[in-house]
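# Tertiary structure, described
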There are 2 protein chains.
Amino acid sequence: MTFSQFRPLDEKILIEYIKSTPALSDKIGNKFDDLKIKEVGDGNLNFVYIVVGSTGSFVVKQALPYVRLIGESWPMSKERAYFESLTLKKHGKLCPEHVPEVYHFDRTMSLTGMRYLEPPHIILRKGLVAGIEYPMLAEHISNYMARTLFHTSLIYRTTTEHKRDVAEYCANVELCRLTEQVVFSDPYRVSQHNRWTSPYLDRDAEAIREDNTLKLEAAELKSMFCERAQALIHGDLHTSSIMVTQDSTQVLDSEFAFVGPMGYDTGAFVGNLILAFYAQDGHANQENDRKKYKEWILKTIEETWVLFYKKFTALWDEHKNGHGEAYLPEIYNNPELQLLVQKKFMTDLLHDTLGFGAAKMIRRIVGVAHVEDFESIADAAKRAKCERQALEMAKLLVKERRKFQSISEVVTAIRQSQ
Amino acid sequence: MTFSQFRPLDEKILIEYIKSTPALSDKIGNKFDDLKIKEVGDGNLNFVYIVVGSTGSFVVKQALPYVRLIGESWPMSKERAYFESLTLKKHGKLCPEHVPEVYHFDRTMSLTGMRYLEPPHIILRKGLVAGIEYPMLAEHISNYMARTLFHTSLIYRTTTEHKRDVAEYCANVELCRLTEQVVFSDPYRVSQHNRWTSPYLDRDAEAIREDNTLKLEAAELKSMFCERAQALIHGDLHTSSIMVTQDSTQVLDSEFAFVGPMGYDTGAFVGNLILAFYAQDGHANQENDRKKYKEWILKTIEETWVLFYKKFTALWDEHKNGHGEAYLPEIYNNPELQLLVQKKFMTDLLHDTLGFGAAKMIRRIVGVAHVEDFESIADAAKRAKCERQALEMAKLLVKERRKFQSISEVVTAIRQSQ
Ligand SMILES: Nc1ncnc2c1ncn2[C@@H]1O[C@H](COP(=O)(O)OP(=O)(O)O)[C@@H](O)[C@H]1O
Ligand SMILES: Nc1ncnc2c1ncn2[C@@H]1O[C@H](COP(=O)(O)OP(=O)(O)O)[C@@H](O)[C@H]1O
Ligand SMILES: [Mg+2]
Ligand SMILES: [Mg+2]
Ligand SMILES: [Mg+2]
Ligand SMILES: [Mg+2]
Ligand SMILES: [Mg+2]
């Protein structure tokens, strides 16, 4: 069997594929007798196989030329697998602690072989639903965000390097268009894909479609998403793209990557933590009122930003005499100005973070793809109540984001909203 | 003689080239006896030959792999000729009245054959120095800017079309980097290329290098220039890239084109008109105090923006149900919101225009490349006085641009500065 043409995997084909691929078969010591294969893809787009042998393991992810959640009626370039593996490698080089190693990539087959994030790794969102604290999360994710975003921006690199990435990732246009549609457009219009907790939120969904101020801001955020080539971003950094244990944090699923606004990544993470916060009341019960856990989430939001700020500006200081072309040393290397420049940059980025994060909150409540944080609240009335609170906060954040000067003000606003 | 390899032209080679190129030789009826050839390139970068026969004419422009003004010590990709001809064609399709027709392009030779803009066409800057009014200028240039910028933005086109241009023009990186350096960096640091009217402006040049607020804004503008893929811009739209008669306005020299911020084009034009305004006192004499002419320049600035605003938003209205992906009709097609969205867009664009325009004024006074408007003022003290006024206004515009709500406020500020 050869694989010179694209073929969707099944278990039998996958075994043949592994046999003909040393980069993978070596990982399991070329032993196939006791191989366990399991398709576990629970994402919206792709197929994921866990392959475990007696001496090793890996994961194989394959993109089919359509959206898994919808089916063949929603075609989607399988080239997204190329951009995912390319980004895993680029971000992995910048932050190996928090990105699974890529063992193999096959562009024809849209197939990536990568490290299996073995148990007890679970999807962060599931941990947040279960009420589990992750003491290293803020430290780790701020590390990942600071290092990937800083090093792929013009603060660190030359225009020549930068434009090379910009050009290459332009070909990942279908994934960008998907985001444009489901995040920045569908929630603000009647769309067959939209859904919400009905009838409770019928009026809330309608109100969003009628809110001119909100739609004005949505247009600005969409334009920034489409136009601003600031850094090589992950593009889908919500809490289901992150796997965690108590001492490990791993970022996967970077198929939406392109050179876009940094705030879209930082916002995805922060926005999804805020969603998790508002979902907690729906998970509270007599054993656990989740009050303490909610405080942990707020603390994690605050720490993530504070640490990100620290690490990003520390990288900036460290490389201020480097080859980055945005802020040339002869112009900006005086302590007072350097501080001024960084403060302005980080305040602008906080505002982008809040805007994008809140836009992503809105789309998870009234758009096509919802989140387990709310979906797992069985009682619809209770779920709707949580969702409405989140929606109100998201609208406020989109509209008033420029008034927040620090993350602690944001956290205070969230705390006081309840 | 074949031209399968790059060769710098001279008159003899050019004649051979024309003979072997029907697209050019046809233009002169294949008659070579009475051919007149003249190299007229007065720009900073390239060589321009005017070819006139008894039955027709054309211009041949060739890019050499270095900057003409400096020589071989400043290498510069000759691929810029490709991007120039590509842009002349794209913009020419959108606005044929104001872009010379391209007859022929040869990528190997970096050679463009195009319409000869015959006399009385002169470079607009020369007309401004001579004190000549151009009654159609605002009408024409606003037409050119509105049509080229609107149709190459996401208001008009799809993300897929847009990213194709973004990717292709990333390869014009050397020209972008040249702008980054000479417009956004060199004026704010000590650079061997910088010069100014010394000793008069020594202290002024130093003050710019020490002005933290100004440098903060310069960084923001530079980042926008590098990151924001808003429309296919000309990239060098100053008054020497425009040839005029009383009833014709032609935009040439688009070798700096890329998908960048619209305000960089509108700003280039407006900023260079403001330079022309402040130069007038240096050209005044007993016959002509230039007072009336100065008012004509201010009126042209105001009319250009007002007409641009009208035409750009009219195109927007006309195409609001089209395939453009920034503002989808189901979301934005209600008259009140449409007005709100356009007002916000145009106000932001005015601020970008002032920022970029003023940055380009500054660089023409203390940077490497100066303008004839000032250079032709023989008396250095008088010249310095004009330049200082322009510099002060430019600094104010960069720093306070967000306070201006309309172009008439800008014109008033300029008028009152004297
Ligand atoms: N490297 C891995 N190790 C362990 N589990 C993984 C790995 N990659 C993916 N998974 C599992 O597969 C699921 C879907 O993977 P993901 O990359 O998010 O696919 P999709 O692009 O379809 O969203 C994840 O939620 C996770 O449970
Ligand atoms: N199509 C044309 N018709 C007439 N003159 C032209 C034409 N193109 C260029 N020129 C003349 O050549 C000069 C330099 O051309 P330009 O395209 O600006 O070159 P550069 O890129 O070197 O600045 C112009 O200022 C103008 O005088
Ligand atoms: Mg996923
Ligand atoms: Mg995915
Ligand atoms: Mg020129
Ligand atoms: Mg600068
Ligand atoms: Mg030129």
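A quick note: this is a predicted structure, and the numbers were derived from the prediction, not measured.

### Some points on the site of ligand 2
Residue and element names in this part refer to chain B. Near ligand 2 there are 18 residues, and of these Asp-42, Asn-46, Lys-61, Asp-253 and Glu-255 occur at the shortest range. A distance of 3.3 Å separates an oxygen atom of ligand 2 from a polar backbone atom of Leu-45. Within the side chain of Asn-46, a nitrogen or oxygen atom sits 2.7 Å from an oxygen atom of ligand 2. Summarising the interface, the protein chains cover 93% of the accessible area of ligand 2, which totals 540 Å² for the free molecule. Here the residues of the shell around ligand 2 sort into 10 nonpolar, 3 polar and 5 charged.

### Let's talk about the site of ligand 1
All names here are of chain A. Of all residues adjacent to ligand 1, which total 18 residues, the nearest are Asp-42, Asn-46, Lys-61, Asp-253 and Glu-255. One of the side-chain nitrogen or oxygen atoms of Lys-61 is found 2.7 Å away from an oxygen atom of ligand 1. Burial of ligand 1 by the protein chains amounts to 93% of its free accessible area of 550 Å². The class makeup of the residues in the shell around ligand 1 is 10 nonpolar, 3 polar and 5 charged.

### Details of the interface of chain A and chain B
Facing the 41 residues of chain A at the interface are 41 residues of chain B. At the boundary of chain A with chain B, total buried surface from both sides reaches about 3,900 Å², with 56% on carbon and sulfur atoms. Contact with chain B buries surface across chain A, with Lys163(A), Leu216(A) and Glu227(A) losing the most and accounting together for 17% of the total. Counting every contact that joins chain A to chain B gives 8 salt bridges. Where Glu330(A) meets Arg189(B), a salt bridge forms, and the shortest distance between an N and an O atom there is 2.9 Å. At the junction of chain A with chain B, the criterion picks out 20 residue pairs in polar contact (both at pLDDT 80 or more). The dominant element in the side of chain A that touches chain B, judged by the number of residues it contributes, is helix H9 (residues 212-227) of chain A, at 10 residues.

### Comments concerning the coordination of the magnesium ion (ligand 4)
For a metal with four tetrahedral donors the ideal donor-metal-donor angle is 109.5 degrees, while six octahedral donors give ideal angles of 90 or 180 degrees. All names here are of chain A. For the magnesium ion (ligand 4), every protein donor is listed as Asp-253 (OD), Asp-253 (OD) and Glu-255 (OE), and the spread of their distances is 1.9 to 2.3 Å. A separation of 3.6 Å is found between the magnesium ion (ligand 4) and the magnesium ion (ligand 3), both of which receive a donor from Asp-253. Grouping residues by exposure puts Asp-253 and Glu-255 together as buried.

### A word on the nonpolar core
Ranked by size, the top nonpolar core spans 246 residues in total, and within it Phe312(A), Phe374(A), Phe312(B) and Phe374(B) carry the most contacts. Beyond its immediate sequence surroundings of up to four residues, Phe374(B) is in contact with Leu275(B), Tyr278(B), Ala279(B), Ile365(B), Arg383(B), Cys386(B), Glu387(B) and Ala390(B).

### As for the sheet that holds strand S10 (residues 242-244) of chain B
Residue and element names in this part refer to chain B. Taken together, 3 strands build an open sheet; the order of strands is S8-S10-S11 and the sheet is antiparallel. A strand with exactly one partner marks an edge of an open sheet, and here the two such strands are strand S8 (122-123) and strand S11 (249-251). Here S10 pairs with S11 via 3 bridges, running antiparallel. Note that in S11 the partner of Val-244 across the bridge is Thr-249. Across the sheet, helix H5 (residues 137-151) is in contact with S10 and S11; its angle to S11 comes to roughly 35°.

### Focus: unusual backbone geometry
Note the cis peptide between Pro119(A) and Pro120(A), where omega equals 10°. Considering the arrangement of structural elements, one finds Pro120(A) in the loop between strand S7 (111-114) and strand S8 (122-123). Cis geometry is adopted by the peptide bond preceding Pro199(A), which originates at Ser198(A) and carries an omega value of 5°. The topology assignment puts Pro199(A) in the loop between helix H7 (173-184) and helix H8 (202-209). Not every positive phi belongs to a glycine, and Ser110(B) is a case in point at roughly 50°.

### Brief notes about H7(A)
All names here are of chain A. With 12 residues, H7 extends 15 Å between its outermost C-alpha atoms, agreeing within 8% with the 16 Å of an ideal straight helix rising 1.5 Å per residue. Among the 12 residues of H7, 9 are classified as buried, and the element is accordingly described as predominantly covered. Every buried residue of H7 is accounted for by Val-173, Leu-175, Cys-176, Leu-178, Thr-179, Glu-180, Val-182, Val-183 and Phe-184.

### Section: the pairing of strand S7 (residues 111-114) of chain B
Residues and elements named next belong to chain B. What you see with S7 is no split at all: Leu-111 and Gly-113 on one side and Thr-112 and Met-114 on the other are buried throughout. Across 4 bridges, strand S3 (residues 57-62) lies against S7 in antiparallel orientation. Bridged to Val-59 within S7 is Met-114. Bridge count for strand S6 (residues 102-106) against S7 is 4 bridges, and the pairing is antiparallel. Note that in S7 the partner of Phe-105 across the bridge is Thr-112. Where S6 hands over to S7, the hairpin turn is made up of 4 residues, of which Ser-110 adopts a positive phi near 50°.

The rules behind each value
- Residues numbered from 1 in each chain as written.
- Chains lettered and ligands numbered in written order.
- Predicted model: local features only at pLDDT ≥ 70, side-chain atom pairs only at ≥ 80, totals over all residues.
- Heavy atoms only, no water.
- Near = heavy atom within 4 Å.
- Polar contact = N/O pair within 3.5 Å; in protein donor to acceptor, adjacent residues only side chain to side chain.
- Areas by Shrake-Rupley, 256 points an atom, 1.4 Å probe, with all protein chains shown as cover.
- Nonpolar A, V, L, I, M, F, W, Y, C, P; charged D, E, K, R; others polar.
- Contact = heavy atoms within 4.5 Å.
- Buried area = accessible area lost by both parts, 1.4 Å probe.
- Salt bridge = Lys/Arg side-chain N within 4 Å of Asp/Glu carboxyl O.
- Helix = DSSP H or I, 4+ residues; strand = E, 2+ residues; numbered from the N terminus.
- Donors = N, O, S within 2.8 Å, 3.2 Å for Na, K, Ca; no water.
- Buried < 20%, exposed > 50% of the residue type's maximum accessible area, 1.4 Å probe, protein only.
- Core = buried A, V, L, I, M, F, W, Y, C linked by side-chain atoms within 4.5 Å.
- Pairing = 2+ DSSP bridges.
- Axes fitted to C-alpha atoms, helices over the stretch in contact; angles between N-to-C directions.
- Expected span 1.5 Å × (residues − 1).

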